Structure formats: structure tokens, C-alpha cells
Amino acid sequence: MNAQDVLDLNQRIHHWMETYHQELEKDIAHWVRKHAIGRSDDLARSFEKLAEENRLLQIGVVGRVKAGKSSLLNALIFDGHNILPRAATPMTAALTTLTHAESFGAEVQFYSAADLDDIRMNAERFDARLVEERAKAADAQRQRRQRTGPMVEDEQFWEYVEKTARRAMQAEHSLAAAHDQWQRINAFGVDRSTLDKLGQLQAEDARSLASHLLEYVGTDGRYMPLTKSVDIFLPLESLRNVRIIDTPGLNDPVQSREERTSKLLKDCDVVFIISPAGQFLSEQDLEVMSRITQKEGVQELVLIASQVDNQLYGSDTRQPTLQASLEKITQTLSVHMVGTLQRLKSQHPEIGSTFDGLIQQGTGKVLHSSGMCHSLSVRFDQQEGWDSGERKAWENLQTHYKDFFTPDNADRCRANLDLLANTAELRCVLENVRKQKDHIIEQRRAELVRAKSAALEAFRADLLKFTQSKYQEVKNADIDELKVQRRKLDSLIVVANHDLDCVLVERMTEFRDQLKKSLKTDMKDAYGETEKTFVEATEDTIEKDTRVRDSKAAKLADWLWGGGREDYSYREFKLFLNPVRAGLNDFAEGLSSTLRQSSSDLTHQFRQQLIKEITAAARRHLGDEVDAALIIRSVKGLVSNIEIPQFELDSSELHKLKGTGNYLVNSEARRFLDDAKCLLQNLKGQASCQIRDFIDDIASGLPHSIGNDFFKDMQTRTEQLEEQVSNALLTLDRLQRMAKDLEAT
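What counts, and where the lines are drawn
- Residues numbered from 1 in each chain as written.
- Predicted model: local features only at pLDDT ≥ 70, side-chain atom pairs only at ≥ 80, totals over all residues.
- Heavy atoms only, no water.
- Helix = DSSP H or I, 4+ residues; strand = E, 2+ residues; numbered from the N terminus.
- Buried < 20%, exposed > 50% of the residue type's maximum accessible area, 1.4 Å probe, protein only.
- Axes fitted to C-alpha atoms, helices over the stretch in contact; angles between N-to-C directions.
- Parallel < 35°, antiparallel > 145°, perpendicular 65-115°, else oblique.
- Left-handed = near helix turned anticlockwise from the far one by under 90°.
- Contact = heavy atoms within 4.5 Å.
- Nonpolar A, V, L, I, M, F, W, Y, C, P; charged D, E, K, R; others polar.
- 1 Å grid on protein atoms, 1.4 Å probe; cavity = no way out; pocket = protein on both sides within 12 Å on 5 of 7 lines; lining within 4 Å.
- Points joined across faces, edges and corners; volume = space filled by probe spheres on them.
- Pairing = 2+ DSSP bridges.
- Salt bridge = Lys/Arg side-chain N within 4 Å of Asp/Glu carboxyl O.
- Patch = residues over 30% accessible without salt bridge, like charges linked within 9 Å, V, L, I, M, F, W, Y side chains within 5 Å.
- Areas by Shrake-Rupley, 256 points an atom, 1.4 Å probe, with all protein chains shown as cover.
- Phe/Tyr/Trp six-rings, centres within 6.5 Å; stacked < 30°, edge-to-face > 60°.
- Lys NZ or Arg CZ within 6 Å of the ring centre and 35° of its normal.

K.L.:
Any chance you could explain unusual backbone geometry here in plain terms?
P.N.:
For residues besides glycine, phi is generally negative; the peptide bonds are generally trans as well. Within the chain, Gln307 stands out as a residue other than glycine whose phi angle is a positive 55 degrees. The residue Gln307 is located in the loop between β8 (301–306) and α12 (322–347) in this model. By relative accessible area, which is 26% here, Gln307 ends up partly exposed. Although it is not a glycine, Asn422 sits at a positive phi angle of roughly 60 degrees. Along the chain, Asn422 falls in the loop between α16 (410–421) and α17 (423–435).

Structure, rendered in C-alpha cells:
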């Protein structure tokens, strides 16, 4: 099947859906989502893009905020000079594209009136939802306090309500981001009607262009709150025949900007995933990778561990040589990557072979990078221009690897900085991708044809199965039996209600007990691993030195010929900060992911068990007189509508830990470690409270009576089937034509 065959099939199936929309009703939406069936014109556009002559190679760059995307691009494209501004938060990150042109320039797109309306409405929805969550939290807290004694709505009561409501709103990422963005826009002091005149920028060189761009995308830029995206044009050979897309992320507060990001990524031939070495392949990274491969159809991925220099100072990575330390780090990252992606594949078989290339690559070593080290290497002769971060990075390298970074040997220093930066290897990857442009595009085109063809065939098979089962249901149904079923349903409502409701109560009690046990165990395991990380991040050593003896004669001897000295020993306690910070981040981020997955797994088990036992209880009462398939469909629908919240861990306390640099010694080290342990203990305590509140709140989503809801639903379904059977000839003829038309598409 070629591209045109796929487009024709897509068009025919859509025409069939329009013709028989009445019969398909709401069921069609489930299958459309399941098989990612899109409009024919969108699919045609995707094929046309891949067939364009002289098409630019589309390279996407994605990653978390502060993952080092801008530093990497500055190293690869601008030879280490800070041309691209670094985003401080998701709100200061605009969508940026880089393409070749004959002169330096940029086009800035600002939010339209429709964009601003979207942001405002989402901000208002955030406020409204927050009010609802406050009311729910207050009601839940009143019920708890009433069970334990007199209820007083004091300051502590309302503090708890506000905290609970804010925590519930954390799951509303887009609404929260829109709320924050709208506050920034309201503080904006420029006449928006004048913005269109400001969108075209010209400059003599890259540095002056970067200076102009700060006003639009810099953290404190005058026009930053209203900048949606920036297209940058540069007369650089490294950009010839390519287009680089630097994304702000996929959970965007502005719908039109997220749509453009997704649209651009969907057309990407290659995507570079940038993940910090200290928090390599986090849950956010995996979500992004899954999305761009499964939803956007991208198959060529390059995974890069950024900021690798920050991992050189931990006691578990220190080796006799810089090269050995780097190899130890990349080997550890390789093992982590392979294990993570293999687990992801086993848990989600639908991923298929998407990550096989990365898994095979990871058996050797992961690509690493350090934009900081590349910048130090390029500007090694201009050390007076280094900023405080660059000076601190250089100081740490000299302290821990002094034999490899001696100031009197500039060539050796640059060589070792380049080893850490790894820019040459990354440029080779970029160049190899560029050389394989035609092959990659043709491969993508073939993959798109194959994937869409398979999806449409599976979609048609599901629709045909539905149509045939509906035909058999109407054909085999007897109008008199259906009336008997309805009478039996009416007679058993009171008797069976109690039995069905008891099943729900018993399963819910068991579910909550399992949740409590499982989540507490997960938290205990994560806490133990983090404490172990803290221990491994310390060094307690005996150091030797010389000093002038405490006497006048010794001081005179020291002054005259350097004598009067004595050897002495002292104990030095050193704490490496990066492993501690990473440990806390892993605890909060990893625990959140683990608890969410555990609660999700147990919720799935609860729903399946509930369906099984309520179906069994209903059939005991209704016997064989009521269609078993009708009972099962009704129970599945009711159970799926039970709202069970997703566990979200509040880890905002994590940001309270202060400390700069890469290590501390003695009293400062012990004080920092005490603070970290205290913070870890607080996080553990908060997690315990959140687990308890989560389990208490689960019952709030239960129906008042699942038995009553079941019988109402069964009566409605039976009445609908009676109506179809009453017009059986017309209904069956219509269903037969549906099946024949579908088979002929």
C-alpha cells in the first residue's frame, strides 16, 4: 500500500462514519482515539511535507527547563558563545527555530487576541477550580473533625484547606501555567497595539542579535510576557539545509503555541532529547519521549546526558584519571538508560521497536555533553570575562583534578575541557544525520504509510466487529423476553440493591487497605535509598600538613630560612553537594512516580475485581432471564465512571535547601547535611500525610448506590433494545448495509 492508497482508505472510512453516524453514536470516539485516526487533509499534509523537494532537515531539541538545551545549541551552532538566552522557567521559554539566511535577523510572533483569551479563560478556570477544591477540602476536613470531637474552623483549619486545595490543583498543569502567565501579562506595561511593529529584527552579527533578543525572550525582557515564538535567521554554514526547533516543552499554557510545537515536532526527522546527567531520564523525559514517538510519529531519537561535569565530584564516581571518571559516569548512565527503556517497553508493549536503537547504543556508552566546559575551552584566554558560574566550575575542576587542569599548560586544559564538552562527537552526530537526510526522510515516509495503514485496518476491524455484534444482538433478541427482563429488573431492585452495594463497600475497604500497605512500603524503600546516597556523598579523611611551631624561635627560623616547622594531622569532613541534591530530587521525583504507578496499578485491579464481583452478584439475582452481555456492558460502564483521584506528591519543600558550589567541608558540610536530612524527613512526613489524605478522599468518588445506578442503566439499555427489536427489519437491514459498506471500503 502506498501513500495515496492510505489517503483513499482514510477518506472512505471517514465517509462511512459520516453515513452511519447515528448508529455509531458515542462509541466511535473511543476507537478514533485508540487508533489515532486523523482527518484526511491532515494526513495528506504530512505526506506532502515528506515529499517536498529541497526539504530542510527538521531537527527538534526537547528537554526539561534548565536541562541545558540552550547551552548545547550555543556550543554546537555558536561555538560556545551565549547567543541563545537561557530560560529560567517554562514561562520565559519561547518556541525558537534556527534556519540559514544571508544575514542575521529574527521574526518575533506575539500572542494574538485569541491566544490572550485562551490564557485568560484558563486562568479563570484555575481560579474557579481552586474555589471548588477549597470547598471540597473544607467539607472533608469538617467530616474528619466531627468524628473526633467538636469542630472548630480556626486558622489551622483554613491553612490545611488551602494547602489541600493547592495540592489538588498541581495536577492541573496547563491551568496553573496559564494562571501564572496571565499574572505576568497583566503586569506588562507596554501598549499591545504597538507590538506588530516590533516583530522584525536585523543585526550585524550574532552577538548584537542576541542582545536584541533579550528584550523578547530574556527572563526580565520588556516584551517577554507576550512573546509566543521566535524564528532566528543566521548566515552560518552549520545551519545550511537544516532547521533546528528549540522547544519550550509540550505542556504549554498557550494552546496555539503548544499546537505549533506539536505540529513542528510531528514533522521532525530527528529529535535530540536533552536530559541532565544528575537526573537522567526522569519521568518527564520519558513522557516526552513516549509522546513524540507514539503521538507525533518521530522515530529517529538522539539521547544526550547534559551537564556531565556536575557529576565528576561524587565519591562513587571519582577515579584516578579524568578519563576514567568520565567513563564511570557514562557507563552508569548507560546501564540506567537500558534498564529504564527495557522496563518501559515491557510495561507498554505498544511501543514496539521504537527505542531499540537507543537500547543498543546504550550498551556501549551514552552521549554526554557539557555546555559549560565548551564555553570555558573556547574562552580560555579570556578568563577575565568569565561569569561567577564559569569561575566556580573552573575552581572545582582545578581542585579535584589538579593534574589535568594546570594553568601553565593551556593546551592540556583545553583538551580536557573538550573531553568533557564532547562537542566534536555531537557535531559528528549532527553531520551524520545531515548526510543521511534523504534516507531518514524516505524511512519516515515508509513508516508513516505502514503505521497509518495498519491503524486504519485495525480501526476498520473494530468497527466491523461492533456492527456484527450489534446485528446479532438485535437479531437474537425477543420482544417478549425483553419485557420479561424489564419486569424482573423492576421486581429485584430493592432486594439486589443491598447485595450490590455490599460488594462495593467490601472491595473499597480492601482497596484502601492495599493502597495503605503498598504506598507506605514504596515510601520506606525510597527513603532508605536516599539516606544511603547521603552517606556515599561524604568523605571523612585524615589529612597531613605542616605548620610553624608556636614559639618565637620557630617563627624567626621560618622567617629567616623557612625552618621552625612541624608536621601535623587533622580530620577533614567533606560533603559533595550534587549527589545530595540529586538524591533529594530523585526521592521526590522518583517517589512521586512510584506512588502514582502503584496507586494506578491497584486502582486498575480494584476496577477489574469490582466488575467481576458485581457482575457475578447481579447474575445471581437476575439468572439467565436477563442477557449476560447486557449486564457486563452495564457494569463496565458504571465502574469506569467511578472517579478515583490520581496520587500527586507535593514536593515544594525541596526548593528550601540552600547551598552553592559542588562541595563543602567540615562545619559547613555537616550543617548542609543536617539540613538535607531534615528536609528529607519533612518530605517523608508530608508524603505520609498525603498518602493518608489520599486514601481518606478516595471514597468521595463513590456512587450513592451502585445497585440503584445499575438497575436504572439496565432498564434504559433494555428499553433501547426493545425499540430496535420492534423495528427489527429496518434495523437489521441498516446494520447489514453498514457491514457490507465497511468491508467494501
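K.L.:
Looking at this structure, I do not really get the packing of helix α4 (residues 40–51) against helix α18 (residues 437–476). What am I missing?
P.N.:
Packed helices, taken two at a time, are described by the angle between their axes plus the distance between the axes. One can describe the packing of α4 onto α18 by two numbers: an axis separation of 9 Å at closest approach and a directional angle of 160 degrees. As far as their axial angle goes, α18 and α4 are roughly antiparallel. α4 and α18 meet at a crossing whose hand is left-handed. For the pair α4 and α18, the contacting residues are Leu43, Ser46, Phe47, Leu50 and Ala51 in the first and Ile441, Arg444, Arg445, Leu448, Val449 and Lys452 in the second. Of the residues assigned to the contact of α4 with α18, the class counts are seven nonpolar, one polar and three charged.

K.L.:
Is there a simple way to explain empty space enclosed by the protein in this structure?
P.N.:
The gaps left among the atoms become clear once a water-sized probe is rolled over them. Per the counting criterion, the structure on display carries three cavities of 30 Å³ or more. If you add up the space inside the largest cavity, you get close to 60 Å³. Taken together, Ile59, Val61, Leu72, Leu73, Leu76, Ile77, Ile244, Phe272 and Leu430 form the lining of the largest cavity. Listing elements by their share of the lining of the largest cavity, those giving two or more residues are β1 (57–63) and α5 (69–78). If one sorts the elements of the lining of the largest cavity by residue count, α5 sits on top with four residues. Grouping the amino acids of the lining of the largest cavity by side-chain chemistry returns nine nonpolar, no polar and no charged.

K.L.:
Just checking my understanding: could you explain the environment of Leu742 for this structure?
P.N.:
Among the structural elements, Leu742 can be located in helix α25 (residues 728–744). The class of Leu742 is buried, set by a relative accessible area of 0%. Placed 278 residues apart in sequence, Leu742 and Leu464 show a C-alpha to C-alpha distance of 6.9 Å. Non-local contacts of Leu742, meaning those with residues more than four positions away in its chain, are made with Trp16, Arg460, Leu463 and Leu464.

K.L.:
I keep staring at the sheet that holds strand β10 (residues 538–548) and nothing clicks. Help me out?
P.N.:
The pairing of strands in a sheet happens through backbone hydrogen bonds and is either parallel or antiparallel. Here we have three strands laid out as an open sheet, ordered β10-β11-β12, and antiparallel in their pairing. Looking at which strands have only one partner, the edges of the open sheet turn out to be β10 and β12 (663–665). The sheet shows a mean angle of 35 degrees between the axes of neighbouring strands, direction not considered. Sheet topology places strand β11 (residues 565–576) next to β12; three bridges connect them, and they run antiparallel. Along β12, the bridge assignment pairs Lys574 with Val665.

K.L.:
How should I be thinking about the sheet that holds β1 in this particular structure?
P.N.:
One open sheet accounts for nine strands, arranged β4-β3-β5-β2-β6-β1-β7-β8-β9; its pairing is mixed. In this open sheet, the two strands that pair with only one neighbour each are β4 (200–203) and β9 (367–368). Of the strand pairs in this sheet, strand β3 (residues 104–110) and strand β5 (residues 227–234) are connected by six bridges, and their pairing is antiparallel. Residue pairing for β5: Gln109 is matched across the bridge by Ser229. Against the sheet, α5 makes contact with β1, β5, β6 (242–246), β7 (270–276) and β8, and its axis sits at roughly 160 degrees relative to β6, the strand it touches most.

K.L.:
Sorry, what's going on with the pattern of salt bridges here?
P.N.:
Between side chains of opposite charge, pairing is possible as soon as their charged atoms come close. Enumeration over the complete set of coordinates arrives at 18 salt bridges. Here Glu390 and Arg379 are joined by a salt bridge, their closest N and O atoms 2.8 Å apart. Remark: Arg379 occurs in the loop between α14 (371–378) and α15 (388–400) and Glu390 occurs in helix α15; sequence separation between them is eleven residues. By relative accessible area, which is 3% here, Glu390 ends up buried. Owing to a relative accessible area of 12%, Arg379 belongs among the buried residues under this scheme. Across the pair Arg414 and Asp411 runs a salt bridge whose closest N-O atoms are separated by 3.8 Å. Of this pair, Arg414 and Asp411 are both found in helix α16, three residues apart, which corresponds to roughly one turn of the helix. Taking relative accessible area as the criterion, Arg414 reaches 22% and is therefore assigned partly exposed. When its relative accessible area of 59% is taken as the criterion, Asp411 is described as exposed. Connected through shared salt-bridge partners, Arg129, Glu132, Glu133 and Lys136 make up one network.

K.L.:
Even after reading the chapter, I still don't get a nonpolar patch on the surface, so can you show me in this structure?
P.N.:
Together, Leu556, Trp559, Leu560 and Trp561 give the surface a local cluster of nonpolar side chains, amounting to about 570 Å² of exposed area. When you line up the elements, Leu560 lands in helix α20 (residues 552–561). Judged by its relative accessible area of 51%, Leu560 falls in the exposed class.

K.L.:
How should I be thinking about the pairing of β5 in this particular structure?
P.N.:
A regular strand places its side chains so that they alternate between the two faces of the sheet. Counting buried residues in β5 gives seven out of eight residues, a clear majority hidden from the surface. Inspection of the sheet shows strand β2 (residues 95–100) paired to β5 by six bridges, in the parallel sense. In the strand pairing of β5, Thr99 is matched with Phe233.

K.L.:
Even after reading the chapter, I still don't get the packing of aromatic side chains, so can you show me in this structure?
P.N.:
Any aromatic ring pair is given by two values, namely how distant the centres are and how the planes are angled relative to each other. Inspection of every chain in the model, using the stated rule, returns nine aromatic pairs. Within the aromatic cluster, the residues linked to one another by ring pairs are Phe380, Trp386, Trp394 and Phe405. The aromatic ring of Phe573 is capped on one face by Arg670, whose charged end is 4.0 Å from the ring centroid.

K.L.:
Help me understand the pairing of β8 in this model?
P.N.:
In terms of burial, β8 is largely enclosed, as six of its six residues are buried. Residue alternation in β8 divides its side chains into two sets, Leu301, Leu303 and Ala305 and Val302, Ile304 and Ser306, and both sets are buried. Bridging between β7 and β8 involves six bridges; their strand directions are parallel. Note on β8: the bridge partner recorded for Val271 is Leu301. As paired elements, β8 and β9 share two bridges and run parallel to each other. Opposite Ile304, over in β9, you have Leu367 as the bridge partner.

The values reported here are purely geometric and, on their own, carry no functional implication.
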